[in-house]
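One-letter residues, chain by chain:
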Amino acid sequence: EPEVTQTPSHQVTQMGQEVILRCVPISNHLYFYWYRQILGQKVEFLVSFYNNEISEKSEIFDDQFSVERPDGSNFTLKIRSTKLEDSAMYFCASRVTSGGNEQYFGPGTRLTVT
Amino acid sequence: SQKIEQNSEALNIQEGKTATLTCNYTNYSPAYLQWYRQDPGRGPVFLLLIRENEKEKRKERLKVTFDTTLKQSLFHITASQPADSATYLCALETNTGFQKLVFGTGTRLLVSP
C-alpha cells in the first residue's frame, strides 16, 4: 500500500540553525500539508500546499517557515532559524482531492532544538 | 471561541466491551468529521469519515455518529481488543479553503485483557 515517507526520523539542531524536513507524499496525491505536534499536545495545522503554492497557512507558520516542492516528488518544510519552542513532531500529510476524504500522514520527524 | 473537546482522561475498559469516545465542538460548522488513531511516536492513521448530512457510519467493529444539532460525534469500538489501545483523535474539516484538519486533543484508550 502506498505511504507517505518522511526523513529524517529525528533531527537535533541548535537554536538559530536552519533545518529542512523532507517528505515524499503519495504519488497521485495533489494536496499536501504540514502539521506539528508538541509533546503531549494536539496535532496542529501549519500549512497546506496545492498547485505549487501555499493555499492556507496558520498563525504558527510565520516568516521563519517555508515550504517547497522542488522536484515534483519531495515536499519540504524549512525552518530558517530554529527556536526552542519549535521542538515538536512534524507530520507531512497528503490527499487525492481537496476535501471529504482521508489525509494520509507520514511517520513524522521529531525535531529537537537545543 | 472555537473548540474541539475530547475526554482528556484515559478510558480504561476490559477486552470484549464496547468503548465509546466523545467529540464535542463549538463555533464550527464542519462539512466532515474524521476519526484517526495515533500510536505513541507515530503519525495519525485514518479510521472513519462522516459527512454533515449523515447520522451514522460503520466499518467492521467501528461506528461513528454525528449530531450537528448537539455538535457532537460519538466513536464506538465494539468487542474491543488490547490491540485497540491507542489515542483516538477527532478532526473537523470545514468547506472553506483547502480543508485542513482541525484536531481535538485526543482520548487515550486502554483495553485490558
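Note that the structure is a prediction, hence the values are computed from the model and not measured.

Draft legend 1. Layout of the overall build of chain B. The helix and strand tally for chain B stands at zero helices and eleven strands. Listing every helix and strand of chain B by position from the N terminus yields β-β-β-β-β-β-β-β-β-β-β. Taken over C-alpha atoms, the radius of gyration comes to 14 Å for chain B, in line with the 13 Å a tight globule of 113 residues would show. Referenced to the eigenvectors of the C-alpha coordinate spread, the extents of chain B come out at roughly 45 × 30 × 20 Å. Residue burial in chain B is summarised as follows: out of 113 residues, 44% are buried. Taking all contacts inside chain B whose residues are at least 6 apart in sequence as the whole, residues at least 24 apart take part in 55%. As displayed, chain B offers around 5800 Å² of accessible surface, 46% of which is attributable to carbon and sulfur atoms. Across chain B, 14 positive and 11 negative side-chain charges occur, with their mean positions spaced 1 Å apart.

Draft legend 2. Quick look at the sheet that holds strand 7 (residues 65-68) of chain A. Residues and elements named next belong to chain A. Strands sit in the order 1-3-8-7 across an open sheet of four strands; the sheet is antiparallel. Pairing within the sheet leaves two strands with one partner each, and these edge strands are strand 1 (5-7) and strand 7. The sheet shows a mean angle of 20 degrees between the axes of neighbouring strands, taken without regard to direction. As paired elements, strand 7 and strand 8 (residues 75-79) share four bridges and run antiparallel to each other. For Val-67, the partnering residue across the bridge sits in strand 8 and is Leu-77.

Draft legend 3. The arrangement of the environment of Asp-71 of chain A in detail. Residue and element names in this part refer to chain A. Looking at the element boundaries, Asp-71 is found in the loop between strand 7 and strand 8. In the structure, Asp-71 is positioned 68 residues away from Glu-3 in sequence and 18 Å away in space, judged by C-alpha atoms. Of the polar contacts made by the side chain of Asp-71, one reaches the side chain of Asn-74; its length is 2.8 Å.

Draft legend 4. Expanded view of the interface of chain A and chain B. Taken together, the contact pairs 23 residues of chain A with 21 residues of chain B. At the boundary of chain A with chain B, total buried surface from both sides reaches about 1700 Å², with 57% on carbon and sulfur atoms. Scanning the region where chain A abuts chain B turns up two salt bridges. The salt bridge partner of Glu-56 of chain A is Lys-100 of chain B, with a shortest N-O separation of 2.6 Å. Secondary structure elements with two or more residues in the side of chain A that touches chain B: strand 4 (31-37), strand 5 (43-50), strand 6 (53-57) and strand 9 (88-95) of chain A. Its residues assigned to classes, the side of chain A that touches chain B comprises ten nonpolar, nine polar and four charged.

Draft legend 5. Geometry of the state of the cysteines. Residue and element names in this part refer to chain A. Counted under the stated rule, the structure contains two disulfides over all chains. Disulfide pairing is shown between Cys-23 and Cys-92; the S-S distance is 1.9 Å. Taking the sign of the torsion about the S-S bond as the criterion, the disulfide between Cys-23 and Cys-92, at about -60 degrees, is left-handed. Of the two residues, Cys-23 is situated in strand 3 (residues 19-24) and Cys-92 in strand 9; the sequence distance between them amounts to 69 residues. Residues Cys-23 and Cys-92 agree in their burial class; the two are buried.

Definitions and limits used
Residues numbered from 1 in each chain as written. Chains lettered and ligands numbered in written order. Predicted model: local features only at pLDDT ≥ 70, side-chain atom pairs only at ≥ 80, totals over all residues. Heavy atoms only, no water. Helix = DSSP H or I, 4+ residues; strand = E, 2+ residues; numbered from the N terminus. Rg over C-alpha atoms; globule rule 2.2 N^0.38 Å. Buried < 20%, exposed > 50% of the residue type's maximum accessible area, 1.4 Å probe, protein only. Contact = heavy atoms within 4.5 Å. Areas by Shrake-Rupley, 256 points an atom, 1.4 Å probe, with all protein chains shown as cover. Lys, Arg positive; Asp, Glu negative; His and termini not counted. Charge placed at Lys NZ, Arg CZ, Asp CG, Glu CD. Pairing = 2+ DSSP bridges. Axes fitted to C-alpha atoms, helices over the stretch in contact; angles between N-to-C directions. Polar contact = N/O pair within 3.5 Å; in protein donor to acceptor, adjacent residues only side chain to side chain. Buried area = accessible area lost by both parts, 1.4 Å probe. Salt bridge = Lys/Arg side-chain N within 4 Å of Asp/Glu carboxyl O. Nonpolar A, V, L, I, M, F, W, Y, C, P; charged D, E, K, R; others polar. Disulfide = S-S within 2.5 Å.

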